[in-house]
Amino acid sequence: MRFLDRERAALTKLLPGLDDSLRAVPLMTLERPGGPGIGLFRDSGGPGLLAPASLQGRGACALDAVRVQRALGSRSPSLAVATTMHHFSMATLVGLSNSGEGLEWMLVQAVATENQLMASGFAEGRSGAGILSPSMSATPTPEGLRITGVKRPCSLARSMDLLTASVLVPREDGAGQELAVALVPAASEGLSVSGFWSSGFLAGAESDQVTLDGVLVPPDLMVRTACPPGARLDEVQTIGLVWFELLMTGSYLGAASALVERVLLNDRVPESERVALLVAAESAAASVEGLARRVDESTPDESTLAESLFVRYGVQDALSRIVPRAVELLGGLNFMTSDEVGYLAACANGLALHPPSRSRMTGPLAAYLADAPLTVA
């Protein structure tokens, strides 16, 4: 079996035709703003990847999903990163729908059957704020909640059908506030999209600014989590964060794998160097797949979330060694005659920029290892 065959086989099985379509488009075309990658993903049924087959989705398990994201990352890092944010929202909704209460299952089914894309307003990169801290204010009215705020960067900003965002709402029993997930249709009055992402790297992910100015969200598009602000993570939040870490790690591993693949296909690179790079990449992949298998075996809990962070930071360290070595082995001629090598190298470093950062999680993880509850900074 050749390098990445397993991942691309999973992609072809679950989203037929997508790998061939992406391979037919030059990398730098896929990575530019307005590139065709997101449209190809939608046309292949990608939005329903994590939706259960019973709800007319593709029913991907965690192992297959992480292989799909690695395959996508090897073809288009922007597409892999952007779609991970959609899957993060979908995993959260699937977790809510599993309770059998409310209308969450109807939304999951609608996303899967209508190939709708969800942008995520959760994973914030704001200094001094946790990634689950709401960035938008919500004002109760007789018709529902009026939401105001800004999310930036917001992947899939220009292709989304729905925006999912965390907000604080009054508890139904009147005893304080609780976190809720607001589902905001992209066509809502008061929602606008404007430019934000100035970098040329990962520009195809559509990570621009989404502004909500008094957008009305009716009660049937507000999903309560029963989790007060500052409390321990509840089950649904834990599930969503584990999936985020799992698939985002797989996506960036895919971008690095695109460089490794170029080295492995280069006969001028000594066999010992090629094998060493292969071993390093597949060792990192094995740790991610081990986490995926754990997710498939049982509902993610606090210890699974901790493991997802250990794996993510471990892969970050592995990529910091794999990527520079791959660039060095490819040589100056490859670097000078094409933008692709330098571009992929820069993209693969992006995993370290996603929340929660290692520096922010050092204290919480140390406390967790001393038997304290795990908190996410």
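It should be noted that the structure appears before, not after, this text.
To keep things clear, this report deals only with the structure shown in the data block. (Residues numbered from 1 in each chain as written. Predicted model: local features only at pLDDT ≥ 70, side-chain atom pairs only at ≥ 80, totals over all residues. Heavy atoms only, no water.)

**Points about the overall build of the protein**
Move 1: Along the backbone of the protein there are 12 helices and eight strands.
Move 2: In terms of overall size, the protein behaves like a compact globule, its C-alpha atoms giving a radius of gyration of 20 Å where 377 residues would be expected to give roughly 21 Å.
Move 3: For the protein, the spread of C-alpha atoms along the principal axes amounts to about 70 × 45 × 40 Å.
Move 4: When each of the 377 residues of the protein is scored for burial, the buried share is 54%.
Move 5: Within the protein, residue pairs in contact and separated by at least 24 positions form 75% of the contacts whose partners lie at least 6 positions apart. (Helix = DSSP H or I, 4+ residues; strand = E, 2+ residues; numbered from the N terminus. Rg over C-alpha atoms; globule rule 2.2 N^0.38 Å. Buried < 20%, exposed > 50% of the residue type's maximum accessible area, 1.4 Å probe, protein only. Contact = heavy atoms within 4.5 Å.)

**Details of the side chain of Asp 19**
Move 1: With respect to the element layout, Asp 19 can be found in helix H2 (residues 18-23).
Move 2: On the basis of relative accessibility, which here comes to 5%, the residue Asp 19 falls in the buried class.
Move 3: Engagement of the side chain of Asp 19 in a polar contact is seen with the side chain of Arg 75, the distance being 2.8 Å.
Move 4: In this structure, Asp 19 is in contact with Arg 8, Leu 11, Thr 12 and Arg 75, ignoring residues within four places of it in sequence. (Polar contact = N/O pair within 3.5 Å; in protein donor to acceptor, adjacent residues only side chain to side chain.)

**Here's the deal with the sheet that holds strand E3 (residues 144-154)**
Move 1: If you walk across this open sheet you meet the four strands as E2-E3-E7-E6, and the pairing is antiparallel. Either end of the sheet is taken by a strand with one partner, and the two such strands are strand E2 (136-141) and strand E6 (191-194). Each strand axis lies, on average, 5° off the axis of its neighbour in the sheet, ignoring direction.
Move 2: Two strands pair when backbone bridges link them, and E2 and E3 are joined in this way by six bridges, in the antiparallel orientation. From the neighbouring strand, Thr 141 faces E3, where its bridge partner is Gly 144. (Pairing = 2+ DSSP bridges. Axes fitted to C-alpha atoms, helices over the stretch in contact; angles between N-to-C directions.)

**Overview of the pattern of salt bridges**
Move 1: For the coordinates displayed, the defined rule picks out 20 salt bridges.
Move 2: Between Asp 20 and Arg 23 there is a salt bridge, with the nearest N and O atoms lying 2.8 Å from each other. You can see Asp 20 and its partner Arg 23 sitting in helix H2, three residues apart, about one turn around the helix.
Move 3: Classification of Arg 23 by relative accessible area gives exposed; the value is 52%.
Move 4: One salt bridge in this structure joins Glu 340 and Arg 262, with 2.7 Å as the shortest N-O distance. Remark: Arg 262 occurs in helix H8 (residues 235-264) and Glu 340 occurs in helix H11 (residues 340-348); sequence separation between them is 78 residues.
Move 5: Each of Arg 6, Glu 7, Arg 67, Arg 70, Glu 282, Glu 289 and Arg 293 takes part in a single network of salt bridges with overlapping partners. (Salt bridge = Lys/Arg side-chain N within 4 Å of Asp/Glu carboxyl O.)

**Describing the packing of aromatic side chains**
Move 1: Summed over the entire model, instances satisfying the criterion amount to two aromatic pairs.
Move 2: A centroid spacing of 5.5 Å and a plane angle of 55° characterise the contact between Phe 88 and Phe 244, whose relative ring orientation is tilted. Highlighted residues: Phe 88 in helix H6 (residues 77-97) and Phe 244 in helix H8, separated in sequence by 156 residues.
Move 3: For Phe 88, a relative accessible area of 4% corresponds to the buried category.
Move 4: Here Phe 244 falls in the buried class, since its relative accessible area comes to 2%. (Phe/Tyr/Trp six-rings, centres within 6.5 Å; stacked < 30°, edge-to-face > 60°.)

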